[in-house]
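As a plain string of letters, each chain reads:
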Amino acid sequence: MKIERIEAIPYAIPYTHPLKFASGEVATADHVLVRVHTDDGLVGQADAPPRPYTYGETQKSIAAVIEDIFSPQITGLDPFDRSKIHAVMNRTINNQVAKGAVDIALWDLLGKALQTPVHKLLGGFTDSMRVSHMLGFRPAAELLEEARSFGERYGITTFKLKVGRRPLALDIEACHVLREGLGDDVDIYLDANRGWTANEALEVLRRTEGLGLSLLEEPCDAKEAMSRRRLVEKSPIPVVGDESVPTAGDVSRELLSGGCNAICIKTARSGFTEAQQILGLCTGLGVDVTMGNQIDTQVGSLATVTFGAAFEATSRRAGELSNFLDMADDLLADPIRIQDGRIRVRTVPGVGADVDEDKLAAYRLDR
Ligand code: MUC
Ligand code: MG
């Protein structure tokens, strides 16, 4: 079997409720659907969500690097020769989201070729993941209403609150209102997307003491290494590296330099192959991991479930899997259902993210 070509299809689907956070805002899913075709007619696919404010990639840059650089270099290779394919792609530095999507599309292809669900190829630990819902910037009362309604409708009991605002009192109030309104059994954790300084983050930790917040993600810029290390040393809760750790090399640098002591794994920027390397590194060092969301569509969320459910360490915590609920529509032919706070893996060969071709035709931007 040989790779015949790689397609990078740009498309746009609006959000009904745009997500706002410290580093940006998403009002439209302006993503790229990546398809790897083989000479015997198999197609593996994956979703690439550009996040220019996080990694510098755009919809156009992802489509261009895949079609102009990766596709000609990879065409003719056997899709089972993943190390060779990665060595070829790694000649181009960065472009993590483009590489991640090609990697997931390759795994999808292998699952189809082997007639096996990819969550089983990866590890097959369990068949579903608990869902964590991400709460964007909104007034505290609206946040509580949103969390309550997601709890009632979907059985979700874990919430990640986007913080990193100034004045700090906005986020501090939101933490208090959510804890008081949701009770002690709900897991609440924070993600500042580098919005604060280390000292501001420490002040927030002091002023939310006793609320039982479980994690603090990317509180300040990890490049400010000295103050970040001081924050990690003083924080009573784990400090999670997210956008500072897209690769296994970044993970080892940040853990060794004390820039974080827990790691967010995102399949959208690490694919399944590098996500496995990151997971191995963390498991070996005894570092906790979370399964994050890059504001994914249903196609992307299914990739996260496929990976997260495959391993014990990634199944311990609820994965961030519900951003797609705020989109006006999606490409997935058989929509994801959240039942009792969980999303199940697909038991079909591959990742199981089959796309509705009529919807793709309606939302694609290249025709
Ligand atoms: C997150 O966890 O930070 C926001 C930007 C991005 O790249 O991912 C999201 C969520
Ligand atoms: Mg984050």
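This one's a predicted model, so the numbers in the text were calculated from it and none came from an experiment.

Asks: Hey, could you run me through the pairing of strand S10 (residues 288-291) in this one?
Replies: Across a regular strand the side chains alternate sides, sitting on one face of the sheet and then on the other. As judged from the four bridges shared by strand S9 (residues 262-265) and S10, these two strands associate in the parallel manner. Paired with isoleucine 265 across the two strands is methionine 291, which belongs to S10. A crossover connection joins S9 to the parallel S10 through helix H11 (residues 267-285); in handedness this β-α-β unit is right-handed.

Asks: Looking at this model, I keep getting lost on the nonpolar core. Mind explaining?
Replies: Nonpolar side chains in soluble globular proteins tend to be buried together. Of all hydrophobic cores here, the largest spans 113 residues; its most connected members are Ile66 and Ile263. Among all residues touching isoleucine 263, those that are not within four sequence positions of it are Val240, Gly241, Val245, Val251, Leu255, Ile278, Cys282, Val287, Asp288, Val289 and Thr290. By size, the runner-up hydrophobic cluster in this structure holds five residues, among which are Tyr189, Leu215, Ala262 and Cys264.

Asks: Can you help me understand the coordination of the magnesium ion (ligand 2) in this one?
Replies: For the magnesium ion (ligand 2), the protein coordination sphere consists of Asp191 (OD), Glu217 (OE) and Asp242 (OD), at 2.0 to 2.1 Å. In terms of primary sequence, the donors binding the magnesium ion (ligand 2) are separated according to D-x25-E-x24-D. Taken together, the residues span a long stretch of sequence, with glutamate 217 in strand S7 (residues 216-217) and aspartate 242 in the loop between strand S8 (239-241) and helix H10 (248-256) at a distance of 25 residues.

Asks: When you look at the packing of H11 against helix H12 (residues 298-308) in this model, what are you seeing that I'm missing?
Replies: Two quantities define a packed helix pair, namely the angle between the helix axes and the distance between the axes. At a closest axis distance of 10 Å, the pairing of H11 and H12 adopts a crossing angle of 5°. Considering their axes alone, H11 and H12 lie roughly parallel with respect to each other. For the pair H11 and H12, contact is made by Thr267, Phe272, Ala275, Gln276 and Leu279 and by Ala303, Thr304, Thr306 and Phe307, respectively. Residue composition of the contact of H11 with H12, by class: five nonpolar, four polar and no charged.

Asks: What is the right way to read the side chain of aspartate 326 from this model?
Replies: Residue placement: aspartate 326 occurs in the loop between strand S11 (319-320) and strand S12 (342-344). Put simply, aspartate 326 is tucked away with no salt bridge, and the nearest opposite charge, on arginine 138, sits 7.1 Å away. Setting aside residues up to four positions removed in sequence, aspartate 326 forms contacts with Tyr15, Thr16 and His17.

Asks: Would you explain empty space enclosed by the protein in this entry?
Replies: It is the rolling of a water-molecule-sized probe over the atoms that shows where space remains empty. Under the counting rule described, the total for this entry stands at two cavities of 30 Å³ or more. Roughly 110 Å³ of volume is contained in the largest cavity. What lines the largest cavity is a set of 16 residues, among which Thr54, Asn193, Lys266, Asn293 and Ile295 lie closest to the centre. Of all elements in the fold, only helix H1 (52-55) and strand S5 (158-162) reach the threshold of two or more residues within the lining of the largest cavity. Residue classes in the lining of the largest cavity are distributed as five nonpolar, four polar and seven charged.

Asks: For this particular structure, what's the right way to read the pairing of strand S6 (residues 187-191)?
Replies: Among the five residues in S6, four count as buried, and that is most of the element. With five bridges connecting them, S5 and S6 associate as parallel partners. If you follow leucine 161 over to S6, its bridge partner there is leucine 190. Taken together, S5, helix H7 (residues 169-182) and S6 constitute a β-α-β crossover, and its handedness is right-handed. Bridge count between S6 and S7: two bridges; the pairing is parallel. Looking at the pairing, leucine 190 lines up with leucine 216 of S7.

Asks: Would you mind showing me how to read a nonpolar patch on the surface here?
Replies: Side chains of Phe80, Leu114 and Leu121 sit close together on the surface and give an oily, nonpolar patch of about 220 Å² of accessible area. Inspection of the secondary structure puts leucine 114 in the loop between helix H4 (96-113) and helix H5 (118-122).

Analysis parameters
Residues numbered from 1 in each chain as written. Chains lettered and ligands numbered in written order. Predicted model: local features only at pLDDT ≥ 70, side-chain atom pairs only at ≥ 80, totals over all residues. Heavy atoms only, no water. Pairing = 2+ DSSP bridges. Helix = DSSP H or I, 4+ residues; strand = E, 2+ residues; numbered from the N terminus. Right-handed = clockwise from strand over helix to strand, strands pointing away. Core = buried A, V, L, I, M, F, W, Y, C linked by side-chain atoms within 4.5 Å. Buried < 20%, exposed > 50% of the residue type's maximum accessible area, 1.4 Å probe, protein only. Contact = heavy atoms within 4.5 Å. Donors = N, O, S within 2.8 Å, 3.2 Å for Na, K, Ca; no water. Axes fitted to C-alpha atoms, helices over the stretch in contact; angles between N-to-C directions. Parallel < 35°, antiparallel > 145°, perpendicular 65-115°, else oblique. Nonpolar A, V, L, I, M, F, W, Y, C, P; charged D, E, K, R; others polar. Lys, Arg positive; Asp, Glu negative; His and termini not counted. Salt bridge = Lys/Arg side-chain N within 4 Å of Asp/Glu carboxyl O. 1 Å grid on protein atoms, 1.4 Å probe; cavity = no way out; pocket = protein on both sides within 12 Å on 5 of 7 lines; lining within 4 Å. Points joined across faces, edges and corners; volume = space filled by probe spheres on them. Patch = residues over 30% accessible without salt bridge, like charges linked within 9 Å, V, L, I, M, F, W, Y side chains within 5 Å. Areas by Shrake-Rupley, 256 points an atom, 1.4 Å probe, with all protein chains shown as cover.

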